[in-house]
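So you can see what is in the structure, the chains are spelled out below.
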Amino acid sequence: MRHDTTQHKSTPARKDRCPLSLHRTGQWYKKIHGKFYYFGTDRDNAIGAYHEQATRLHAGGSVHGVQETRRWIYLILQRDLF
């Protein structure tokens, strides 16, 4: 029997792979809990944005922070007063 001595490339470790997928529109995205979240067209910036929001998104939160949510609630309440 003959053994092949060439090195085979292994699949990169999970930590080396990009957590995002490239959409056909050029946007980097991630599907979390059945919803698609888009992070932009630049790969490095998209990965950075994903890592900033990943914990909140995987926990079931929204993309907007608490301050943004409070601002929207305030605007809705103000609109309803008039």
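Look up a bit, the structure's there.
Anyway, here's the lowdown on the structure attached to this text. Predicted model, so just to flag it, every value in this text is computed and none were measured.

About the cut-offs
Residues numbered from 1 in each chain as written. Predicted model: local features only at pLDDT ≥ 70, side-chain atom pairs only at ≥ 80, totals over all residues. Heavy atoms only, no water. Pairing = 2+ DSSP bridges. Helix = DSSP H or I, 4+ residues; strand = E, 2+ residues; numbered from the N terminus. Buried < 20%, exposed > 50% of the residue type's maximum accessible area, 1.4 Å probe, protein only. Core = buried A, V, L, I, M, F, W, Y, C linked by side-chain atoms within 4.5 Å.

### Some remarks on the pairing of strand β3 (residues 35–38)
No. 1: Bridging between strand β2 (residues 28–32) and β3 involves four bridges; their strand directions are antiparallel. Considered in β3, the bridge of Lys 31 is made with Phe 36.
No. 2: The hairpin formed by β2 and β3 contains two residues between the paired strands, and His 33 there has a positive phi angle of roughly 55°.

### Re the pairing of β2
No. 1: Burial analysis of β2 places four of its five residues in the buried class, the great majority of the element.
No. 2: Of the strand pairs in this sheet, strand β1 (residues 21–22) and β2 are connected by two bridges, and their pairing is antiparallel. The partner of Leu 22 across the bridge, within β2, is Trp 28.
No. 3: Counting the residues between successive antiparallel strands, the hairpin from β1 to β2 contains five residues, one of them, Gly 26, with a positive phi of roughly 95°.

### Comments concerning the sheet that holds β2
No. 1: Pairing is antiparallel across the open sheet formed by three strands, whose spatial order is β1-β2-β3. Where the open sheet ends on each side, the last strands, each with one partner, are β1 and β3.

### Re the nonpolar core
No. 1: Counting twelve residues, the largest nonpolar core consists of Cys 18, Leu 20, Trp 28, Ile 32, Tyr 37, Phe 39, Ala 46, Ile 47, Ala 49, Tyr 50, Ala 54 and Leu 57.
No. 2: Of all the secondary-structure elements, those providing two or more residues to this core are β2 and α1 (43–58).
No. 3: If you tally residues by element for this core, the top one is α1, at six residues.

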